[in-house]
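Coordinate inspection notes
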Amino acid sequence: DFMEGRAVERGMADFADVYLNAGLIAAKADDLLHFIQALNIEEYEDDQAVLTAFMYRNPGSIVLDYKQSMFGNNRWALGDEEGCVFDFPIKQEEDGELSTSAMRLVHVETGSSPLFIHSPGGFTSCHRGLLDKLHTHDHRRLIGPLLKLLKLLKKKPPKPKPKPKP
């Protein structure tokens, strides 16, 4: 398999998440625009399949975050118990009490604390659990802004204006 072979080549075969996930992408604005244009993806196409094919044809064009230091991914397919892979690190204090060492979520397998955590939209039990872990009990105030952001992200970018010829 292409993705597994790629992980082996990069010394990342021990990580469970070796497949490209198109849920989160980071790049400089101009580079991202050119990348999206080069993909030439249609609305009905599978974004992960198109990006994987692009990476196969252009091996140096995409860098995967195997260690999940920037982008963390929950695993919806594994279900609520095993698929929600972020938690607070728990340590035992000198007095014997257990506490969380920091107010950040940590991947239970990699130990990383990514800047962004991605999971499928239908994984609501995991999302609620993460919100509860973050002590954000009044999460209703977050729904409106999040829905607006999702709408903006789903819009196709405007076509670039042609550059004037010198």
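Residues numbered from 1 in each chain as written. Predicted model: local features only at pLDDT ≥ 70, side-chain atom pairs only at ≥ 80, totals over all residues. Heavy atoms only, no water.

Here we come to the overall build of the chain. Scanning the chain for helices and strands turns up six helices and six strands. The helix and strand sequence of the chain, counted from the amino end, reads α-α-α-β-α-β-β-β-β-β-α-α. Here the chain, with 166 residues, has 23% of them falling under the buried criterion. The long-range fraction of contacts in the chain, counting pairs at least 24 apart against all pairs at least 6 apart in sequence, stands at 57%. When the accessible surface of the chain is totalled, it reaches about 12,500 Å², and 57% of it is carbon and sulfur. (Helix = DSSP H or I, 4+ residues; strand = E, 2+ residues; numbered from the N terminus. Buried < 20%, exposed > 50% of the residue type's maximum accessible area, 1.4 Å probe, protein only. Contact = heavy atoms within 4.5 Å. Areas by Shrake-Rupley, 256 points an atom, 1.4 Å probe, with all protein chains shown as cover.)

The subject of this paragraph is the packing of aromatic side chains. All chains considered together, the criterion is met by three aromatic pairs. Ring geometry for F2 against Y56: centres 5.0 Å apart, planes inclined by 80°, an arrangement best described as edge-to-face. With F2 in helix α1 (residues 2-9) and Y56 in helix α3 (residues 47-57), the pair connects residues that are 54 residues apart, well separated along the chain. The class for F2 is partly exposed, based on a relative accessible area of 29%. Classification of Y56 as exposed rests on a relative accessible area of 57%. Judged by centre distance (5.2 Å) and plane angle (85°), the rings of F35 and F54 are edge-to-face. A residue pair is termed long-range when its members are at least 10 positions apart, and F35 in helix α2 (residues 29-39) and F54 in helix α3 qualify at 19 residues. An identical accessibility class is assigned to F35 and F54; each is buried. (Phe/Tyr/Trp six-rings, centres within 6.5 Å; stacked < 30°, edge-to-face > 60°.)

A few words on the environment of A49. Residue placement: A49 occurs in helix α3. By relative accessible area, A49 is classed as partly exposed at 42%. The spacing of A49 and A22 is 27 residues in sequence and 9.1 Å in space, taken between C-alpha atoms.

What follows is about a nonpolar patch on the surface. Residues M70, L115 and F116 make up a contiguous nonpolar surface patch of about 310 Å² in total accessible area. Residue placement: F116 occurs in strand β6 (residues 116-118). For F116, a relative accessible area of 44% gives the class partly exposed. (Patch = residues over 30% accessible without salt bridge, like charges linked within 9 Å, V, L, I, M, F, W, Y side chains within 5 Å. Salt bridge = Lys/Arg side-chain N within 4 Å of Asp/Glu carboxyl O.)

As a further point, take the packing of α1 against α3. Look at α1 against α3: their axes get within 11 Å of each other, and the N-to-C directions meet at 50°. The angle between α1 and α3 places the two elements in the oblique class. Handedness of the crossing formed by α1 with α3: left-handed. In contact with F2, M3 and R6 of α1, α3 contributes T52, M55 and Y56. Residue composition of the contact of α1 with α3, grouped by class: four nonpolar, one polar and one charged. (Axes fitted to C-alpha atoms, helices over the stretch in contact; angles between N-to-C directions. Parallel < 35°, antiparallel > 145°, perpendicular 65-115°, else oblique. Left-handed = near helix turned anticlockwise from the far one by under 90°. Nonpolar A, V, L, I, M, F, W, Y, C, P; charged D, E, K, R; others polar.)

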